[in-house]
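Given next are the chains, with one letter for each unit.
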Amino acid sequence: MMVAARAVVMALALLTCAAGATAAADEDAGKRQQIEQLIGLHDLTTSVSIGNYYLKQEALVAIRNLLTRLGKEEKLGSDWNLRNPQWQRAEQILLQPVMAKVADDFTNLDWLRPQWEDLDSREFSAEELDVLLTHFHSDVGRKQAKIVDHTYPRM
């Protein structure tokens, strides 16, 4: 009898743990879905464009410094400058793979999503995410999201 009672108690304990784990997993899945919805409300086109412009300018500075140094080393003379068609061609050839790397590593925002998901998961409860989603689906909330994303249209 004692063995049977212990088996029943053990089975109930396991069922309680399993039910708790299932509820926690369902809650986590629901929270992940809320976070996906929240992230989906944002349009980072302007921010990405500004970032691309900045990265292109930084790349051009480095490439132009390189071309200047190579011109001095190879004694290409004073004609070796920004107006020289060969310089311009070299600049474009060097810039192309850099900007391809920028597109792969920055523009697609694959690097941002995990950080954003982690931040939202850590900082907001499911109830707070519901409040944010409700707000950002309202007229005022949509305008606020546009302002935050730097995409608010000028009137």
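See above for the structure.
Since the structure is predicted, the reported quantities are computational estimates derived from the model, not experimental observations.

Novice: Explain the nonpolar core to me, using residue names and the numbers behind them.
Specialist: Membership of the largest hydrophobic core is limited to 11 residues, which are I35, L38, I39, L44, V48, L112, W116, L129, L133, F136 and A145. Put simply, the parts of the chain that give this core at least two residues each are helix 1 (2-40), helix 4 (112-123) and helix 5 (126-137). Setting aside residues up to four positions removed in sequence, V48 forms contacts with F106, T107 and L109. Grouped together as the second largest cluster of nonpolar side chains are 8 residues, L60, L67, W80 and L95 included.

Novice: Which residues make up the side chain of E91, and what are the values?
Specialist: With respect to the element layout, E91 can be found in helix 3 (residues 85-107). Engagement of the side chain of E91 in a polar contact is seen with the side chain of R64, the distance being 2.8 Å. Those residues within four positions of E91 in sequence are excluded, and the remaining contacts are L60, I63, R64, L67 and L82.

Novice: How would you sum up the packing of aromatic side chains? Please name residues and give values.
Specialist: The final tally for this structure, using the stated rule, is 2 aromatic pairs. Seen from their ring centres, F106 and W111 are 5.8 Å apart, and the 20° between their planes marks the pair as stacked. Classification of W111 by relative accessible area gives partly exposed; the value is 35%.

Novice: Can you tell me about helix 5, naming the residues and giving the values?
Specialist: Between its first and last C-alpha atoms helix 5 spans 16 Å; for 12 residues at 1.5 Å apiece the expected length is 16 Å, and the two agree. Looking only at helix 5, the buried set comprises L129, L133 and F136. Projected down its long axis, helix 5 shows its buried positions confined to an angular sector of 70°, all on one face. The outward face of helix 5, more than 90 degrees from its buried face, is lined by the exposed residues E127, V131 and T134.

Quick notes on the rules
- Residues numbered from 1 in each chain as written.
- Predicted model: local features only at pLDDT ≥ 70, side-chain atom pairs only at ≥ 80, totals over all residues.
- Heavy atoms only, no water.
- Core = buried A, V, L, I, M, F, W, Y, C linked by side-chain atoms within 4.5 Å.
- Buried < 20%, exposed > 50% of the residue type's maximum accessible area, 1.4 Å probe, protein only.
- Helix = DSSP H or I, 4+ residues; strand = E, 2+ residues; numbered from the N terminus.
- Contact = heavy atoms within 4.5 Å.
- Polar contact = N/O pair within 3.5 Å; in protein donor to acceptor, adjacent residues only side chain to side chain.
- Phe/Tyr/Trp six-rings, centres within 6.5 Å; stacked < 30°, edge-to-face > 60°.
- Expected span 1.5 Å × (residues − 1).
- Arc of directions from axis to C-beta.

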